[in-house]
Amino acid sequence: MRTWLAAAAFAALWPAFAAAQTTSQLSTPVVIHAGEAGGEGVITVRTTIVQRQRATTIRSVALDDAIATPTQSGRQAQGFAAGEQLFGIYDEYNSWAYCALRRSWWSGDTLTCYEDTDNDGKLDLALPSGAPFNGIPFFVFPERRETRALQQPARFHRIPYAEGPAIEAALQAELIDSRRVHGVMQPARISLQFGFLVNNRFVGLNSLTRTSDMTTEPVTLEVDGSRVEFSGTPERGSLHYRVLTPMPARIERILLRRTYVRTTSYTYIPIYIPR
Amino acid sequence: MRSLFIAALSTVLVAGASVAQTPPASQQGTPTSPVLPPPPPSPATPPDALIAIPAPTPRPVPMVDVSRYPRDLERGDVIIEYSAPGLPRRTFGDASGAETALEQMTLNGSVEIYCGAAAESEALAPADGKPAIACFSDDDHDGAADHIYTVTNNDSRQMTLAPARAITPRTWDEQPAAERRISFRYGGPNSGNVLANGRMGEGTIEIQIVMVADEQEHPFVSPRSLPCLEDGRCLALSVGNGRNIMLSAPTVEGAVHVQLVDDQEAQRVRTAILARRATEVDDKNADAAAPQPAPTSPPATTP
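Residues numbered from 1 in each chain as written. Chains lettered and ligands numbered in written order. Predicted model: local features only at pLDDT ≥ 70, side-chain atom pairs only at ≥ 80, totals over all residues. Heavy atoms only, no water.

Overview of the environment of B:A123
Residue and element names in this part refer to chain B.
Here comes step 1: Counting through the fold element by element, A123 comes out in the loop between β7 (111–117) and β8 (133–137).
Here comes step 2: Taking the relative accessible area as the measure of exposure, A123 reaches 74% and is therefore exposed.
Here comes step 3: Spatially, the C-alpha atom of A123 lies 9.7 Å from that of D94, the residues being 29 residues apart in sequence. (Helix = DSSP H or I, 4+ residues; strand = E, 2+ residues; numbered from the N terminus. Buried < 20%, exposed > 50% of the residue type's maximum accessible area, 1.4 Å probe, protein only.)

Some thoughts on the nonpolar core
Here comes step 1: With 54 residues, the main nonpolar core has B:I79, B:F184 and B:L247 as its most contacted residues.
Here comes step 2: Grouped together as the second largest cluster of nonpolar side chains are 43 residues, A:A55, A:L192, A:L205 and A:I254 included. (Core = buried A, V, L, I, M, F, W, Y, C linked by side-chain atoms within 4.5 Å.)

Structural notes on unusual backbone geometry
Here comes step 1: A cis geometry characterises the amide bond from B:Y69 onward to B:P70, with omega recorded as -5°.
Here comes step 2: Within the element layout of this structure, B:P70 appears in the loop between β2 (61–63) and β3 (71–74).
Here comes step 3: With phi around 55°, A:N119 is a residue other than glycine that occupies positive phi space.
Here comes step 4: With respect to the secondary-structure elements, A:N119 resides in the loop between β9 (108–115) and β10 (122–128).
Here comes step 5: Notably, A:N200 is not glycine yet its phi reads approximately 65°, a positive angle.
Here comes step 6: Inspection of the secondary structure puts A:N200 in the loop between β15 (188–198) and β16 (201–214).
Here comes step 7: Residue A:N200 is classed as exposed on the basis of its relative accessible area, which comes to 66%.

Here's the deal with the pairing of strand β17 (residues 255–262) of chain B
Residues and elements named next belong to chain B.
Here comes step 1: Looking at chain direction, β3 and β17 are connected through four bridges and run antiparallel. Within the sheet, the bridge partner assigned to L73 lies in β17 and is V256.
Here comes step 2: Sheet analysis places strand β16 (residues 243–248) next to β17, joined by six bridges and oriented antiparallel. Paired with S248 across the two strands is H257, which belongs to β17. (Pairing = 2+ DSSP bridges.)

Here we look at the interface of chain B and chain A
A common way to express how large an interface is: the accessible area buried when the components associate.
Here comes step 1: Of the residues lining the interface, 28 residues belong to chain B; the matching set on chain A comes to 27 residues.
Here comes step 2: Note on chain B versus chain A: buried area summed over both sides is about 2400 Å², and carbon and sulfur give 52% of it.
Here comes step 3: For the interface between chain B and chain A, the tally reads three salt bridges.
Here comes step 4: A:R59 is the partner of B:E74 in a salt bridge, and the nearest nitrogen-oxygen pair spans 3.3 Å.
Here comes step 5: Across the chain B-chain A interface, the total number found is nine residue pairs in polar contact (both at pLDDT 80 or more).
Here comes step 6: When residues of the side of chain B that touches chain A are traced back to their parent elements, those giving at least two are β12 (180–194) and β13 (200–213) of chain B. (Contact = heavy atoms within 4.5 Å. Buried area = accessible area lost by both parts, 1.4 Å probe. Salt bridge = Lys/Arg side-chain N within 4 Å of Asp/Glu carboxyl O. Polar contact = N/O pair within 3.5 Å; in protein donor to acceptor, adjacent residues only side chain to side chain.)

A closer look at the state of the cysteines
Residues and elements named next belong to chain B.
Here comes step 1: Scanning the entire structure with this criterion turns up three disulfides over all chains.
Here comes step 2: In this model, C115 is linked to C135 through a disulfide, with the two sulfur atoms separated by 2.1 Å. A torsion of 110° about the S-S bond marks the disulfide between C115 and C135 as right-handed. Linking C115 in strand β7 with C135 in strand β8, this pair joins segments that are 20 residues apart in sequence. The pair formed by C115 and C135 is uniform in burial state, with each residue classed as buried.
Here comes step 3: By sequence order of its bonded cysteines, chain B has the disulfide arrangement 1-2, 3-4. (Disulfide = S-S within 2.5 Å.)

See below:
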């Protein structure tokens, strides 16, 4: 099994006496749906998305009944209407939580998850999800510190996973111009990185990147089964790309690492580490 | 300690070899060749280090009800269950709520010690959260722990301890061994190709080894990964007496088929998986040695 690391760390603001613990956990499996080859274009800016493919979790459900807006204050500002879709994530070793994204009035996008604790076909428990790792909605874990029983359990049914809530998996090319280092001219470099698009913002997985020096000779980079050819003069506006092979339809699990600082209660804050 | 026990049990089932105890005569035909790459080596241990390993216990007995196979499973469903006698235990009479019962382990192959989340004294036990795991011995056999061993390294197979240090004797009591129930459950797909019919092709699936002992609120869960072939057959779990449990046809949405197969079928799948791994290694080596492709003329760009 391939593992990709989504890095998380703390800013150096926590009290020195706090003890940090780091744990790793695999995400719920994500399905990268099949894409099409043949996409091509010209690199005109430093970074360019060269391939997009649909991604879902392996289980999706749709509500048969509405879930009312909670009356007490909390992270969830809105309810959900009948017909809305939720994506499934692993909870305990033998249970599922179903989550959806809502914009909160105070904290931006947040997720709320629900469970059918008695397996009667009705969601009866709400749990906050915590902040998604690097903002990617599928990479969350249900939290049991603030559970809330639903006064009106909501019926739901499974739908084909491919039809459920989706995000985009993507390949991003980055062209680093040639530059002089210590008086020596270094060639341009082209890199190809796998990641996800969140609100059209590329979130790369640092461990899944391939890089090559770029001269006037074509270069083919392969990342996660996808092959992209780069050719032409290695300058913006002149470098051409062509997707020879898209990412094959696959299931993958992402290794998520989180750091706890223990004071009086556990909290975690994933922060994207810039490359 | 639970992780050590589960690691030993999963090694017995999945590798079919390297069993710590001699299998009883009733278990015939258990495959002997290792089927998975060996686990990574432990960090280098000084020659004079104290090593604690689980105390020998009777081999767990699988509860194989043949009438339950074949059938289809979803994530979380039980594949097979075991009953396992627990280990002798001790508890401190003045233990705080956060301190756990101490389970018997063997030090350097012969010395009896007891290990668990406990402090040197009641006064040193933290008010919130569990204390660190430590081991204790009663060297004068007067019913009180009089030496403590600090754990310096704890992996899935053994603990490395610092030399014993004398402590103010702390009275402890013998406790009945807690019965352990161990179940192997299907954990769902891990990674692999997705086929057009919703099945998963070549890849890996997850099984969860779930252990619950008496008085325990939350089970101890340890995941394991099983490789699968393109045709959907996955590495089988040996349960002795020439029987193996094979998971097959995993789907993307988390279903799988489970059935009993004989040793020959289990061996065929194992051989095919090893052959595939050898091919993958050869391909990687070949790619690393391959010459660069010949240059081609760049296509005309579209204005």
